[in-house]
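# Examination of the molecular architecture
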Amino acid sequence: MNTTFAKDIKKGLTAEDKFLSSKYFYDDNGSRIFQEIMQMPEYYLTDAEFEILSLQSKQIVEALGFSEPFNIIELGAGDGFKTFKLLEYLVNEKIEFNYVPIDISKEAITILSAKLKERLPKLSIKPRVGDYFDILKEESKNNIPSLLLFLGSNIGNYQSEEAINLIKLFNENMNVNDKLLIGIDLKKNPITIQNAYFDNAGVTKRFNLNLLLRINREFNADFKIDDFDFYCYYNPLNGEVKSYIVSLKKQTIHIEKLDLQVEFNQNELIWTELSKKYSIEDIENLADEANFSVKNHFLDCKHYFTDSLWEKLG
């Protein structure tokens with residue numbers, strides 16, 4: 001049994017305002033559904049960041065200003081889909097660097113490494129499995145200039161204070177003049193954002209409800225999917241998209257392996273995800289709070305998304 005997941009289920013479903021962490025979306029089935037989400041025409045985020053890294057790799061590398069071999073350290077490398085374009089540019093230009101993908105999943109790192117060795121045989125790759133900060137601390141002792149990658153709008157999943165604390169932790173485990181390339185989704189027409197997270201085909205609904213199916217499977221719970229719905233909304237004033245699972249009736253759920261009964265009222269909510277959007281001003285304030293200076297914002301052609309390049313200050 002996944003004991004951390006078990007504790008988080010108990011904590012979230014016994015809270016006055018129920019919640020479940022979005023990090024548990026990604027079992028095998030959840031990961032497959034997320035691949036579907038990324039293929040949806042409404043879900044602009046993946047295409048926007050892919051465009052930036054495909055068309056602006058040269059400008060990004062020039063902005064680094066590194067005059068010696070360096071490391072590219074990617075936090076949560078996943079399948080490496082977007083990063084490939086940046087790596088390909090560097091290899092083709094014969095620029096000396098090491099790619100250090102970090103992921104908690106050994107399987108993800110093994111698959112990524114095999115794929116990159118096949119597609120970019122001249123790439124120097126030094127994969128690491130484990131906790132970001134333990135590995136960053138080790139890497140910073142080498143005094144090799146580093147570019148950290150934190151892509152995919154992952155920072156949007158953190159509330160404001162958590163986001164600042166996370167970025168400060170990055171900063172503490174970097175050397176002066178190291179760089180951070182951070183993917184951030186920008187505030188835009190609220191309808192564009194709402195459609196990306198509340199699609200008509202119901203793919204995002206399936207993605208959220210799959211979390212209940214996962215609890216059924218791993219903890220012998222009796223969630224009936226037809227008794228729950230999905231809702232999400234975007235607040236353009238604070239930039240927050242919030243997603244919820246909705247109980248359609250008064251019901252009691254039994255989670256056998258946790259020896260837990262959970263009472264739901266009709267229309268009661270389980271908060272599952274935050275996806276925060278930023279203005280350029282918000283981004284610069286975030287960087288400033290964490291002792292970074294912003295060197296460049298690399299935007300897609302529609303100005304939906306930015307990969308922003310920050311430098312650690314002394």
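In this convention, every chain numbers its residues from 1, walking through the sequence in written order. Where local features are concerned, this predicted model is filtered to residues with pLDDT of at least 70; where side-chain atom pairs are given and counted, the filter is 80 or more; whole-chain, interface and lining totals use all residues. Hydrogen atoms and water are omitted, and side-chain values are computed over all heavy atoms in the structure.

### Remarks on the packing of helix H1 (residues 3-13) against helix H10 (residues 203-219)
Which entries qualify depends on this criterion: An axis is simply a line fitted to the C-alpha atoms; with a helix, the fit covers only the stretch in contact. Between two such axes, the angle follows the N-to-C directions and lies from 0 to 180 degrees. Per the convention used, a helix needs a DSSP run of H or I reaching at least four residues, while a strand needs a run of E reaching at least two, with both numbered from the N terminus. Roughly parallel covers angles under 35 degrees, roughly antiparallel covers those over 145, roughly perpendicular covers 65 to 115, and oblique covers all other angles. Each helix crossing is assigned a hand: it is left-handed if the near helix lies turned anticlockwise from the far helix by less than a right angle, otherwise right-handed if that turn is clockwise. We call two residues in contact whenever any of their non-hydrogen atoms come within 4.5 Å of each other.
Close contact between H1 and H10 brings their axes to 12 Å; oriented N to C, the two are set at 120°. One element, H1, and the other, H10, form an angle in the oblique class. For the element pair H1 and H10, the recorded crossing hand is left-handed. Residues Phe-5, Ala-6 and Ile-9 of H1 touch H10, and the partners they reach there are Leu-211, Arg-214, Ile-215, Glu-218 and Phe-219.

### A short note on the sheet that holds strand S2 (residues 97-103)
Stated formally: Strands are labelled as partners when DSSP assigns at least two bridges between them.
One open sheet holds the 7 strands; their spatial order is S3-S2-S1-S4-S5-S12-S11, and the pairing between them is mixed. Edge positions in the open sheet fall to strand S3 (128-129) and strand S11 (292-299), since each of these has one partner strand only. With 2 bridges joining them, S2 and S3 adopt parallel strand pairing. Note on S3: the bridge partner recorded for Ile-102 is Arg-128.

### Here we look at the packing of aromatic side chains
Threshold: Each Phe, Tyr or Trp ring (for Trp, its six-membered ring) is paired with any other whose centre lies within 6.5 Å, and the angle between the two planes then decides the class: stacked below 30 degrees, edge-to-face above 60, tilted in between. Relative accessibility under 20% of the residue-type maximum defines a buried residue, over 50% an exposed one, and the middle range a partly exposed one, all with a 1.4 Å probe and only protein chains included. Either the NZ atom of lysine or the CZ atom of arginine qualifies as a charge over a ring when it sits within 6 Å of the ring centre and within 35 degrees of the ring normal.
Tallied over the full model, the rule gives 21 aromatic pairs. Ring geometry for Phe-34 and Tyr-43: centres 6.2 Å apart, planes at 80°, overall edge-to-face. Given a relative accessible area of 9%, Tyr-43 falls into the buried group. Look at Phe-34 and Phe-207: their rings are 5.7 Å apart centre to centre, the planes differ by 35°, and that puts the pair in the tilted class. Highlighted residues: Phe-34 in helix H2 (residues 28-39) and Phe-207 in helix H10, separated in sequence by 173 residues. Note on accessibility: Phe-34 and Phe-207 belong to one class, buried. Through pairs of rings, three or more aromatic residues link up here, namely Phe-25, Tyr-26, Phe-34, Tyr-43, Tyr-197 and Phe-207. Here the guanidinium or amino end of Lys-18 rests over the ring plane of Phe-264, the centre of that ring lying 5.0 Å away.

### Focus: the nonpolar core
For clarity, the cut-off: By nonpolar core we mean a set of buried residues, namely Ala, Val, Leu, Ile, Met, Phe, Trp, Tyr and Cys, connected to one another through side-chain atoms within 4.5 Å.
One finds Ile-72, Tyr-99, Phe-223 and Ile-255 to be the most contacted residues of the largest nonpolar core, which totals 69 residues. Among the elements that take part in this core, H10 stands out by supplying 7 residues, more than any other. With residues up to four places along the chain from it excluded, the contact list for Ile-72 reads Leu-86, Leu-87, Leu-90, Phe-97, Asn-98, Tyr-99, Val-100, Leu-147 and Leu-149.

### Looking at the sheet that holds strand S7 (residues 240-247)
Spatially, 3 strands are ordered S6-S7-S10 in an open sheet, and the strand pairing comes out antiparallel. Two strands lie at the open edges of the sheet, namely strand S6 (228-235) and strand S10 (269-276), each paired on one side alone. Each strand of the sheet is rotated relative to its neighbour by a mean of 20°, with strand direction disregarded. In the packing of H10 onto the sheet, the strands contacted are S6, S7 and S10, and the crossing angle to S6 comes to about 125°.

### Some words on the pairing of S10
It is a general feature of regular strands that their side chains alternate between the two faces of the sheet. Burial of S10 is extensive: 6 of the 8 residues sit out of reach of the surface. Both S7 and S10 contribute to a ladder of 7 bridges, which runs antiparallel. For Val-246, the partnering residue across the bridge sits in S10 and is Leu-269.

### So, the environment of Gly-12
Secondary-structure assignment places Gly-12 in helix H1. Assessed through its relative accessible area of 0%, Gly-12 is described here as buried. The spatial distance from the C-alpha of Gly-12 to the C-alpha of Lys-106 is 28 Å, given a sequence separation of 94 residues.

### Description of the packing of helix H4 (residues 57-64) against helix H5 (residues 83-92)
It is the contact of H4 with H5, at a shortest axis distance of 9 Å, that shows an interaxial angle of 70°. When the axes of H4 and H5 are compared, the pair comes out roughly perpendicular. Between H4 and H5 lies a crossing whose hand is right-handed. Here H4 contributes Ser-57, Lys-58 and Val-61 to the contact with H5, which in turn contributes Lys-85, Leu-86, Tyr-89 and Leu-90.

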